[in-house]
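Here is what each chain is made of, one letter per residue.
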Amino acid sequence: MSGVQEAAFSLSDFRGHYLVLLFYSGDWEPASHGILTSFSSLKDRFSATGCELAACSTDSPKVHKSWIKTESEDGGFSGQLSIPLWSDPSGHLASQFDLFDAEECQCLDGVVVIDDEGIVRHAMTTSMETEDTAISTLELVKLLKVYKDETSPDKKMPQSAANRSSISSAMEKVNHMN
């Protein structure tokens, strides 16, 4: 990541692309470094499927910047992290996906897949090995795209009424942040 900089974001900025959003407990944690490194190493493969990546914790942009710039032997990324880190200090975004621990004031480790129409297709907490999580998420995105393309001429996945309602409700909450 050359030229680490702060920028505002909105989930709607990703309409037209799939988005994999990684939530992690905090900067400087060895497990967090591992998961971000695993996903970052697959960024080109995610991009080839039309999928963007971003990661989110409750740490401030200043802490993110410091962590990214710190040398790898000191627990940082030596300026080489290829996915953006988002700051969610209040846990508002993470709460939309049930990935926020209010008592600890930190995000839970989890993965959210949002499709190109802004619909949440997958959200989970994870304790899998970091490489397994990254590879499995890439395969899931590919499967979701194939399934979506093959099941409906208008490119919409079939949904039960209950599922449609819960997804619409979750996206309504997310869209209010925009």
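Our structure's up above, just so we're on the same page.
Residues numbered from 1 in each chain as written. Predicted model: local features only at pLDDT ≥ 70, side-chain atom pairs only at ≥ 80, totals over all residues. Heavy atoms only, no water.

Observations concerning the packing of aromatic side chains
How we decide: Geometry of aromatic contacts follows a simple scheme: Phe, Tyr and Trp rings, the Trp one being its six-membered ring, pair when their centres are within 6.5 Å, and the pair is stacked under 30 degrees between planes, edge-to-face over 60, tilted otherwise. Working definition: helices are DSSP H or I runs of at least four residues, strands are E runs of at least two. Numbering for both runs from the N terminus. Exposure classes here rest on a 1.4 Å probe applied to the protein chains alone. A residue is buried below 20% of its type maximum, exposed above 50%, and partly exposed in between.
Applying the stated criterion across every chain yields a total of six aromatic pairs. Aromatic side chains F14 and W86 sit 5.7 Å apart centroid to centroid with 45° between the ring planes, which places their arrangement in the tilted category. One end of the pair, F14, is in the segment before strand 1 (18–23); the other, W86, is in strand 3 (residues 85–87), with 72 residues separating them in the sequence. The two residues F14 and W86 agree in class, both being buried. Ring centres of W67 and F77 lie 4.8 Å apart, and the angle between their planes is 70°; this geometry places the pair in the edge-to-face category. A residue pair is termed long-range when its members are at least 10 positions apart, and W67 in helix 3 (residues 61–69) and F77 in the loop between helix 3 and strand 3 qualify at ten residues. Through a chain of ring-to-ring contacts, three or more aromatic side chains come together here, namely Y24, W28, W67 and F77.

Some words on the sheet that holds strand 6 (residues 110–114)
Going by this rule: Strands were regarded as paired on the criterion that DSSP finds at least two bridges between them. To get an axis, fit a line to the C-alpha atoms, keeping to the stretch in contact for a helix; angles then go from 0 to 180 degrees between the N-to-C directions. Residue contacts are counted whenever heavy atoms from the two residues lie within 4.5 Å of one another.
Within the open sheet, the five strands sit side by side as 3-2-1-6-7. Their pairing is mixed. Strands at the two margins of the open sheet, each flanked by one partner only, are strand 3 and strand 7 (120–125). Direction aside, the axes of adjacent strands within the sheet are offset by 20° on average. In this structure, strand 6 lies alongside strand 7, joined through five bridges in antiparallel fashion. Considered in strand 7, the bridge of V111 is made with M124. Lying on the sheet, helix 1 (residues 30–41) is in contact with strand 1, strand 2 (51–57), strand 3 and strand 6; it crosses strand 1 at an angle near 160°. Strands strand 2 and strand 3 of the sheet are contacted by helix 3, whose axis makes an angle of about 155° with strand 3.

Examining helix 3
For the record, the criterion: Arc definition: it is the arc formed by the directions from the helix axis to the C-beta atoms.
What helix 3 keeps buried is the set H64, W67 and I68. Relative to the axis of helix 3, the buried residues are bounded by an arc of 95° and lie together on one face. Across helix 3 from its buried face, at more than 90 degrees, point the exposed residues K62 and K69. Of the surrounding secondary structure, the elements contacted by the buried residues of helix 3 are helix 1, strand 2 and strand 3.

Quick look at the nonpolar core
This is how the line gets drawn: What is meant by a nonpolar core is a set of buried Ala, Val, Leu, Ile, Met, Phe, Trp, Tyr and Cys residues, joined one to another through side-chain atoms within 4.5 Å.
Among the nonpolar cores identified, the biggest contains 24 residues, and V20, L22, L36, F39, F46, I83 and L85 are the most heavily contacted of them. Looking at this core, the elements with two or more residues in it are strand 1, helix 1, strand 2, helix 3, strand 6 and helix 5 (130–151). Element by element, the count of residues in this core is highest for helix 5, at four residues.

Considerations on the pairing of strand 1
Counted residue by residue, strand 1 has six buried out of six residues, so it is predominantly covered. Burial along strand 1 is two-sided: Y18, V20 and L22 and L19, L21 and F23, pointing in opposite directions, are all buried. Note: strand 1 against strand 2, six bridges, orientation parallel. Bridging across to strand 2, F23 finds its partner in C56. Pairing between strand 1 and strand 6: five bridges, direction antiparallel. Looking across to strand 6, one finds that F23 is bridged to G110.

Scope: geometric values only; no functional claims are made or implied.
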